[in-house]
Amino acid sequence: MLHWTEDGKAHSARWRSEAGAPPPRRVEVADDRMDADTAYRLACEGTALLWRGDFQNARQLLQAMARRIERKPRRAQRQAKTRPAPATPAEAFHLHRQAQAQRARTLGMLLLPFEPGHVVPLRRAPDVRAACEEAWGPDDQPYVASLRELLGLIGAHEWRKKGVPVPALGDRIHPWYGVFSPVRGEYVDLVGQAPLPSALARESVAFDIGTGTGVLAAMLARRGVARVIATDQDPRSLGCAADNLARLGLTGKVELAQADLFPPGRAPLVVCNPPWLPAKANAPIEHAIYDPDSRMLRGFLAGLADHLADDGEGWLILSDLAEHLGLRSRDTLLQWVDDAGLRVLGRIDIKPRHPRATDAEDPLHAARSAELTSLWRLGKQADNA
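Bear in mind that the values here come from a model prediction, so they are computed numbers and not experimental data.

Draft legend 1. Spatial organisation of the overall build of the chain. Each helix and strand counted, the chain has 13 helices and 15 strands in total. Overall size of the chain, expressed as C-alpha extent along the three principal axes, is 75 × 55 × 30 Å. When the 385 residues of the chain are sorted by exposure, 49% land in the buried category. Accessible surface for the chain amounts to roughly 18700 Å². Of this, 50% is attributable to carbon and sulfur atoms. Averaging the positions of the 51 positive and the 48 negative side-chain charges in the chain gives two centres separated by 5 Å.

Draft legend 2. Up close: the pairing of strand β2 (residues 9-15). Here strand β1 (residues 2-6) runs beside β2; their pairing, made up of five bridges, is antiparallel. In the sheet register, Thr5 faces β2, and the bridge partner there is Ala10. Taking the residues that link successive antiparallel strands as the turn, the β1-β2 hairpin has two residues, and the phi of Asp7 there is positive, at about 55 degrees. Two elements, β2 and strand β6 (residues 143-146), share two bridges in a ladder whose sense is parallel. Opposite Arg14, over in β6, you have Tyr143 as the bridge partner.

Draft legend 3. Examining the UniProt feature "domain: Methyltransferase small" (unreviewed entry) in the chain more closely. UniProt records the feature "domain: Methyltransferase small" (unreviewed entry) at residues 200-281, using the numbering of this structure. Measuring from the first to the last C-alpha atom of residues 200-281 gives 36 Å, for a span that is 26% helix and 27% strand.

Draft legend 4. How the structure looks around the side chain of Asp232. Among the structural elements, Asp232 can be located in strand β10 (residues 227-232). Put simply, Asp232 is tucked away with no salt bridge, and the nearest opposite charge, on Arg295, sits 8.9 Å away. Here the side chain of Asp232 touches Thr211 through a polar contact of 3.4 Å, landing on its backbone nitrogen. Only 3.0 Å separates the side chain of Asp232 from the backbone nitrogen of Asp234, close enough to count as a polar contact.

Draft legend 5. Examining the side chain of Ser146 more closely. Looking at where Ser146 falls in the secondary structure, it is placed in strand β6. Polar contacts involving the side chain of Ser146 include one to the main-chain amide nitrogen of Glu149, which spans 3.0 Å.

Draft legend 6. Spatial organisation of the packing of aromatic side chains. Per the stated rule, a full pass over the model turns up four aromatic pairs. For the ring pair Phe93 and Tyr290, a centre distance of 6.3 Å and an interplane angle of 40 degrees mean the geometry is tilted. Note that Phe93 is positioned in helix α4 (residues 89-107) and Tyr290 in the loop between β12 (267-272) and α10 (295-304), a separation of 197 residues in sequence. The exposure class assigned to Tyr290 is buried, which follows from its relative accessible area of 9%. A ring pair is formed by Phe114 and Tyr143, whose centres lie 4.6 Å apart and whose planes are at 10 degrees; its orientation type is stacked. Here Phe114, found in strand β5 (residues 110-114), pairs with Tyr143, found in strand β6; they are 29 residues apart in sequence, far enough to count as distant. Taken together, Phe114, Trp136 and Tyr143 form an aromatic cluster joined through their ring pairs. Taking the ring centre of Trp176 as reference, the NZ or CZ of Arg160 above it sits at 3.9 Å. We note Arg347 situated over the ring of Trp376; from NZ or CZ to the ring centre the distance is 5.1 Å.

Draft legend 7. Structural detail: the pattern of salt bridges. Going through the model one piece at a time under the given rule, you end up with 23 salt bridges. In this structure, Glu371 engages Arg184 in a salt bridge whose closest nitrogen and oxygen atoms are separated by 3.1 Å. Separated by 187 residues along the polypeptide, Glu371 in the loop between α13 (365-370) and β15 (373-380) and Arg184 in the loop between β8 (171-173) and α7 (186-193) bring together distant segments of the chain. In this structure, Glu371 and Arg184 share a single accessibility class: buried. Bridged by salt links that share partners, the residues Arg14, Arg16 and Asp139 form one connected network.

Draft legend 8. Just the domain arrangement of the chain, in detail. Taken domain by domain, the chain comprises domain 1 (2-159) and domain 2 (164-380). Using only C-alpha atoms to locate each centre, domain 1 and domain 2 end up separated by 33 Å. Each side of the interface is counted separately: domain 1 has 17 residues, and domain 2 has 23 residues. In total, domain 1 and domain 2 occlude about 1600 Å² of area from one another, counting both sides; carbon and sulfur atoms represent 62% of this. Of all residues in domain 1, Phe93, Arg97 and Trp159 bury the most surface against domain 2, accounting for 42% of the area lost on that side. Its salt-bridge partner being Arg236, residue Glu18 comes within 3.0 Å of it at the nearest N-O pair. Looking at the side of domain 1 that touches domain 2, the elements with two or more residues in it are α4 and α6 (147-162). No other element matches the nine residues that α4 contributes to the side of domain 1 that touches domain 2.

The rules behind these values
- Residues numbered from 1 in each chain as written.
- Predicted model: local features only at pLDDT ≥ 70, side-chain atom pairs only at ≥ 80, totals over all residues.
- Heavy atoms only, no water.
- Helix = DSSP H or I, 4+ residues; strand = E, 2+ residues; numbered from the N terminus.
- Buried < 20%, exposed > 50% of the residue type's maximum accessible area, 1.4 Å probe, protein only.
- Areas by Shrake-Rupley, 256 points an atom, 1.4 Å probe, with all protein chains shown as cover.
- Lys, Arg positive; Asp, Glu negative; His and termini not counted.
- Charge placed at Lys NZ, Arg CZ, Asp CG, Glu CD.
- Pairing = 2+ DSSP bridges.
- UniProt positions renumbered as here; feature names shortened; annotations may be inferred.
- Salt bridge = Lys/Arg side-chain N within 4 Å of Asp/Glu carboxyl O.
- Polar contact = N/O pair within 3.5 Å; in protein donor to acceptor, adjacent residues only side chain to side chain.
- Phe/Tyr/Trp six-rings, centres within 6.5 Å; stacked < 30°, edge-to-face > 60°.
- Lys NZ or Arg CZ within 6 Å of the ring centre and 35° of its normal.
- Domains from an automatic or database assignment.
- Contact = heavy atoms within 4.5 Å.
- Buried area = accessible area lost by both parts, 1.4 Å probe.

This is how it looks when you write it as structure tokens:
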């Protein structure tokens, strides 16, 4: 519950946070009279602002607060010039993540009230019921949530309506809130280009591990695999995948199963695109990027031999960004492959095309500019076949 005082009376309301953030301990009521400098100072001090003014003014205030985060004070600029540069890429990465988390905490301090049915009772507030229901389901009780999180829901709702073009698929994928969008299409291109293993001619079955939006399962089906079994442990991802497969007319070719990694049985082709960076996620959507201790990557490798046909292939799609950041070495990855009773049959590489790869102002530019995304073709070692 969130607690605050308004007009001399104590109030409380249910707190909602998709990221699992605790309710702020200090809350002040704010409206259109509050300026951005005051709002930013209070937010930095850990005081949340429960908005009672115009909705569009709240959006403008949030944008002004974000500009103040990007525009460092002169004192901070002087300190930055005298502070030694990060000693390693890993240190630069962790400092970057700390700055991202602090930015999210500060901007998350601007709060909105919600009435039953996901109605925002503010002047010029948009109708957000559809966006909220898609992410949170029906709700007949009042609550409070951050404006920043609501704007994320609205953006996800628009993506879900319009879809994301995937050139390699020749179609669109419609991501749901909290399910990673295939905006970086390199990994889809790799699955579209890699030669299919000859073992599929005998049994045309493939597993897609951690399917997310279902885009790789759809690509395999479009390439002629007769039966694809796609797994995910997140019910929201499975719902999203089912929706996309229905839109693409592939429901009959792809089976969805809730599982942590593998379905029962073996297949001539097993595909997995795990999170690429061994670090803790700060928000639910980041679970597709950050994988503490490389849990999913190591789990996929450790279990692959038991779920792979003797002459089949496991396709591991993985960026080497973690290697350039000093978070995981190539030797470590190859050792995990060997320890799992696997061998490398080949590798296909592709350079990233996203804007950050060429942005010299990005704090991680050196690592991003050297990044490659690879499809590792893995097979069983001879004594495991």
